[in-house]
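# Summary of the model geometry
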Amino acid sequence: TIRSSSAASDVYKRQVQGDPTRVRWVASRGRTRLTPAGEPIGLMGISIDVTERRRAEEALRLSEARLAAGADLAGLGFYEVDFGRNMMFSDERIRDLCGVPKDWSDGLQVLEFWLEHLHPDDRPWILEQRDRLHDGSLERLSIEYRFLHPTRGEVWIQHLAGATSRDASGRAIVTYGVLRDITKRRRTEIELRALGQRMIRAHEEERALLARELHDDLSQRLAVLAIDAGRVEQAAQGPEQAQALRSIREGLVRISEDVHSLAYQLHPSVLEELGLAEALRTECERMRRKVNIDLSLDIGMLRGSVARGAALCLFRVAQEALNNVARHAQASAASVTLREAQDGLRLVVRDDGLGFAPEEPGRRQSLGLESMRERVRLLDGRLEIESAPGQGTVIDAWIPASEQAR
């Protein structure tokens, strides 16, 4: 019995007659017709097939559910900031990741909490990158930084962000982003880097010990033998015997020189005593004597001394690159350049030799190139190799200034 005069609407499923597998969604809206006395006498209404709309809504719901499940599986927290309305949406994972108190929810309070708990050493460049995103000079933001969680202490966060709306000047109005806790990964990377640095130090200590043994023991013994051979040569009976003894003495001298050169390659004492610039000059002089090549050295003005770790890294890169020039490049000219650049030190070794294809499929990287890469990587630097068959090779290594102080 119809007892209401108000309009009514509903959405319901209706099975298509004769086909139990086909179900349609129908939206209905109706109103009762009343007598002057208010008694219902009929019903007026319409019914609309809204199956496609409901299917689209269901597909959207499933898509959002899959997206939420994927974000949860990946450990991603999502946020959106509307600066036009001074509002911010952040999901529970964001709040948990940053340790935001439950009563911090109005306006931009979550954003303010995030800003307050950035690690002080990382804050300046994080804010610089954020400003670049907001003013439009950066389309996408991708950074990793330290965050001071209220209860968990220092954590590492991976942060990706973008802008969905900008004003006429290009300034961001609405930004969005995802955060992920990468503390375990970064701590593992730090531990591996520390292990790699310890291994390199141990390797260098072994080389230094071997170099001292070669220089202080074997080289001295060879020198004594050469002196003894010279004395015997002077007392030789006849020219043939003198010539034989002269050959022995000269051979001992050459071996002694080779041992001295090997000791220097193993551990360049000039690097510790006189610094990187002088060590590079000595290495270039040694290479000129070894190989008939036009080798130039250009060292710019260096502000202050270079720390031992950075100096050793760049020297080893130069040494390996020059050895590769001597062994493989068949070059007529090469150059070594050292400059302060991009808040760090940059070393470039260039030659006009045969070159090679660094990215050629199946090409095995030499141990020397991999050693250079690893040394630079452990100091948070970068190493680039530019080469092509017949076009020579450029080894470009850069160490950040922060590593020079270590």
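Structure first, text after, so check above.
First, a word on what this report is: a plain description of the structure on this page. (Residues numbered from 1 in each chain as written. Predicted model: local features only at pLDDT ≥ 70, side-chain atom pairs only at ≥ 80, totals over all residues. Heavy atoms only, no water.)

## Structural notes on the packing of helix α8 (residues 276-290) against helix α9 (residues 308-329)
Definition in use: Each axis is a line fitted through C-alpha atoms, and for a helix only the stretch in contact is used; angles between axes span 0 to 180 degrees, taken between their N-to-C directions. Helix and strand assignments follow DSSP, with helices taken as H or I runs no shorter than four residues and strands as E runs no shorter than two, numbered in order from the N terminus. We call two directions roughly parallel when the angle between them is under 35 degrees, roughly antiparallel when it is over 145, roughly perpendicular when it lies between 65 and 115, and oblique otherwise. In this scheme the handedness of a crossing depends on how the near helix is turned from the far one: anticlockwise by less than a right angle means left-handed, clockwise means right-handed. Whether two residues are in contact is decided by their heavy atoms, any of which lying within 4.5 Å being enough. Residues are sorted three ways: Asp, Glu, Lys and Arg are charged, Ala, Val, Leu, Ile, Met, Phe, Trp, Tyr, Cys and Pro are nonpolar, and all the rest, Gly among them, are polar.
At a minimum axis separation of 10 Å, α8 and α9 run at an interaxial angle of 15°. Taken together, the axis directions place α8 and α9 in an arrangement best described as roughly parallel. Regarding α8 and α9, the two cross each other, and that crossing is right-handed. For the pair α8 and α9, the contacting residues are L276, A279, L280, E283, C284, R286, M287 and K290 in the first and A311, L314, F315, A318, Q319, L322, N323 and A326 in the second. Residues that form the contact of α8 with α9 fall into these classes: eleven nonpolar, two polar and three charged.

## What about the packing of helix α6 (residues 239-266) against α8?
Interaxial distance between α6 and α8 falls to 12 Å at its minimum, and their mutual angle equals 140°. α6 and α8 meet at a crossing whose hand is left-handed. Side by side, α6 and α8 meet where S261, Y264 and Q265 of the first sit next to A279, T282, E283 and R286 of the second. Per-class residue counts for the contact of α6 with α8 are two nonpolar, three polar and two charged.

## Considerations on a nonpolar patch on the surface
Spelled out, the test is: Distance thresholds for patches are 9 Å for like charges and 5 Å for nonpolar side chains (Val, Leu, Ile, Met, Phe, Trp, Tyr), applied to residues having over 30% relative accessible area and no salt bridge. Residue exposure ignores everything except the shown protein chains as possible cover, and the areas themselves are Shrake-Rupley values with a 1.4 Å probe. Take a side-chain nitrogen of Lys or Arg and a carboxyl oxygen of Asp or Glu: if they are within 4 Å of each other, that pair is a salt bridge.
A cluster of nonpolar side chains, contributed by L192, L195 and M199, occupies part of the molecular surface with about 300 Å² of accessible area. Along the chain, L192 turns up in helix α5 (residues 183-234).

## Here's the deal with the layout of surface pockets
We count it as follows: Both site types are read off a 1 Å grid over the protein atoms alone. A 1.4 Å probe that fits but cannot get out defines a cavity, while an open set with protein on both sides within 12 Å along at least five of seven lines defines a pocket; lining residues have an atom within 4 Å of a point. Grid points are joined across faces, edges and corners, and a volume is the space filled by probe spheres set on the points.
The space that makes up the largest pocket amounts to roughly 530 Å³. The wall of the largest pocket is formed by 22 residues, among which H203, R207, L367, S371 and R375 lie closest to the centre. Every element with two or more residues in the lining of the largest pocket is listed here: α5, α6, α9 and α10 (367-377). Residue contributions to the lining of the largest pocket peak at seven residues, all from α5. The class makeup of the residues in the lining of the largest pocket is nine nonpolar, seven polar and six charged.

By themselves, these figures tell us nothing about what the structure is for.
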